[in-house]
Amino acid sequence: MEKLIIVEDNEEIRSQLRWGLSKEYEVLVAGDRPEALLLFKKHLPKVMTLDLGLPPDEAGCEEGFRCLEDVLRLSPATKVIMITGNEENENALRAVQSGAYDYYRKPLNLAELKVILARAFHLAAIEKENLRLQSSLDQHCLTPGGIIGHSPQMLEVFSSIRKVASSEVAVLVTGESGTGKELVAKAIHELSPRKSAAFITINCGAIPENLLESELFGYEKGAFSGANNRVQGKVEYANKGTLFLDEIGELPLNLQVKLLRFLQEKTIQRVGGREDISVDARIIAATNRDIIKETEAGTFREDLYYRISVIHITLPPLRDRGGDIMLLANFFLRKFGNEFRKKNCRFSPGSVKLLESYEWPGNVRELENRVQRAVIMSDEPIIEPESLDFSLKTAKERVHSFTNMTLKDAREMIERELVIAAIENHNNNMARAADVLGISRPTLYDLVKKYNIAKSFE
Ligand SMILES: Nc1ncnc2c1ncn2[C@@H]1O[C@H](COP(=O)(O)OP(=O)(O)OP(=O)(O)O)[C@@H](O)[C@H]1O
Ligand SMILES: [Mg+2]
C-alpha cells in the first residue's frame, strides 16, 4: 500500500481524512511542520497533503509555505497537495508556483480529494518509471567508449564505429572542438582486435614544432646535443596497437612528408638513425579544421589526406543533435551529483529551456563543464539558470556597464575576455585559439602576457 502523509492541525479533519482514506493508502498524520518533516524523512512518501495554516501561524500561511519548501528541498519529486481556505485564491496560485503539485480548497469533499490523490500517485509512478527507462536508455546509448547519444546523427556515428573497428583501415574523425573526436578514436580502438595493445595519442598541435619529429619517431644517441640515450618515439610505442594523431591539421609540411613515408612503407627511422624499423600501427587521425579546404589551399598534403581518410567520420555539432542535449545534460548531472554527493539534482524548467536553445560553441565539453560548475555552485538540488552561468546580458546592458570607461579600457577588457574564452573553448590549444581569434600564435602569446592570463591555464 502506498504511503500518504496528511499534515493538518485540525484534529477533527485529520481523523476524518485518516478514516476516509485508509482503505486506499497507508495514512500517516502530522499536526505541525516539525512533526511533518520528521515523518517525511522517515517514510519518504510520494504524495502528501499540506494544510497552509499550521501552528504557530494558524491564521496565516507562512508556516505552510515553509513546510512545502522544506519538503521539496528534501525531495523535489514529491507531489504536495496544498489545502487552502475557501477564499485564499492568491495563496493557491503561490503554492503551485512554489512547486506544489496541486491545491484543494476547503471545505473538503472526500470523493474529490481522492481523485486528486489518485492522479498524484499516478504521476509519481510515471515519473519513477521514466527515470528507470532513462537510466536503462543511458546504458543502451553507451558504446564501449562511453559515448552517449540517441539522435539519428549519433546512431549513424555509432554504426560507423562498429563497422570500421574490426578492419585495419585508417580513419579520419572530424568535427568542431569538444564534439567527442578523441572519445570516438578510443572507442574504435576498444572495439578492435588491437584493444589489448597500446592506444598512443600524439597531439600534433600541442608539441612545439622543433620537438615534434623526435617525439614522433624517437632519436639515436648523439643525434643532437643533449641526446645522451637512444629514445623511442611514440610511433614505435604504438606497435601492434593504435596511433591516434590528434589535431593532424596542425602538422607542419615537412613532418607531413615524413608521416606519409611511414604510412606508405610502414617503417620509420629515428632522428639521427639510418636503420629502418618496421612498425605495425593502426592510424586514427582527428582534426577540427576543414582539411579538404586546406588540401585545396596546399597547406595540407593531398596524398597524406587520402592516406589518413580511407574512412571519414564526421561528428555533428551538439546544437544539431536535438534530444541529445538533455540526454547528455542529465547524464552529467547524475555523474557530478554522485561525485560531489549532491542528491536528487535536476534542472528547473527554465534551465531546460536554456540548455536546449543555447548554441553550444564548445559542444559537449562546454556542456560537461557548465553542468559540473552548476552542481558545485548550486545550494539546491534544483539547478536554476543562474547556476549554469550563461551571461544573459543583452548587448545594450553590456555597453551600459562600460559607461565611464575609456574606449581603451573597454577595448582591453573585451580583448582579455575574448582571449580567455578562446583558450578555454579550445582546451588550452594555443594554435587553435589563435586561429579563431584571427591572430598569429606569437600575437596570442603576447596578449596572454600583456593581460597576465597565462597563470590560470598552466
Ligand atoms: N557523446 C558523448 N558522450 C559523453 N561524453 C562526451 C561525448 N562527447 C564528448 N564527451 C566528453 O566531452 C569532452 C570532450 O570530448 P573530446 O575530448 O573527445 O572532444 P574533441 O572533439 O576531441 O575536442 P577537441 O577538438 O577540443 O580536442 C570529454 O570530456 C568527453 O568525455
Ligand atoms: Mg580532442
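Keep in mind it's a predicted model, so treat the numbers as computed, not measured. (Residues numbered from 1 in each chain as written. Chains lettered and ligands numbered in written order. Predicted model: local features only at pLDDT ≥ 70, side-chain atom pairs only at ≥ 80, totals over all residues. Heavy atoms only, no water.)

Engineer: Looking at this structure, how should I read the side chain of Arg-370?
Structural biologist: Relative to the helices and strands, Arg-370 resides in helix H15 (residues 363-377). If sequence neighbours within four positions are ignored, Arg-370 has contacts with Tyr-358, Trp-360, Leu-388, Asp-389 and Phe-390. (Helix = DSSP H or I, 4+ residues; strand = E, 2+ residues; numbered from the N terminus. Contact = heavy atoms within 4.5 Å.)

Engineer: What am I meant to see in the sheet that holds strand S5 (residues 102-105) here?
Structural biologist: Strands in a sheet are paired, the pairing made by backbone hydrogen bonds, and the direction either parallel or antiparallel. Taken together, the five strands give an open sheet; going across it, the order is S2-S1-S3-S4-S5, and neighbouring strands pair in parallel fashion. Since the sheet does not close on itself, it has two edges, and those belong to strand S2 (26-30) and S5, each with one partner. Strand-to-strand, the axes of this sheet are offset by a mean angle of 20°, without reference to chain direction. With four bridges joining them, strand S4 (residues 79-84) and S5 adopt parallel strand pairing. Looking at S5, one finds that Met-82 is bridged to Tyr-103. Of the strands in this sheet, strand S1 (3-7), S2 and strand S3 (47-51) are in contact with helix H2 (residues 33-43), which crosses S2 at around 150°. (Pairing = 2+ DSSP bridges. Axes fitted to C-alpha atoms, helices over the stretch in contact; angles between N-to-C directions.)

Engineer: Just to check I follow, could you spell out the packing of aromatic side chains for this structure?
Structural biologist: To describe a pair of aromatic rings, you give the distance between the ring centres and the angle between the ring planes. Under the definition given, this model contains eight aromatic pairs. Taken together, the ring pairs connect Phe-331, Phe-332, Phe-336 and Phe-340 into an aromatic cluster. Taking NZ or CZ as reference, Arg-94 lies 3.7 Å from the ring centre of Phe-65, over its face. (Phe/Tyr/Trp six-rings, centres within 6.5 Å; stacked < 30°, edge-to-face > 60°. Lys NZ or Arg CZ within 6 Å of the ring centre and 35° of its normal.)

Engineer: Looking at this structure, how should I read the packing of helix H3 (residues 62-74) against helix H4 (residues 89-97)?
Structural biologist: Axes are the key here: two packed helices are described by the angle between their axes and the distance separating the axes. One can describe the packing of H3 onto H4 by two numbers: an axis separation of 11 Å at closest approach and a directional angle of 15°. Overall, the two elements H3 and H4 adopt an arrangement that is roughly parallel. For the crossing formed where H3 meets H4, the hand is right-handed. Contact residues: H3 offers Glu-62, Phe-65 and Leu-68, while H4 offers Asn-91, Arg-94 and Ala-95. By residue class, the composition of the contact of H3 with H4 is three nonpolar, one polar and two charged. (Parallel < 35°, antiparallel > 145°, perpendicular 65-115°, else oblique. Left-handed = near helix turned anticlockwise from the far one by under 90°. Nonpolar A, V, L, I, M, F, W, Y, C, P; charged D, E, K, R; others polar.)

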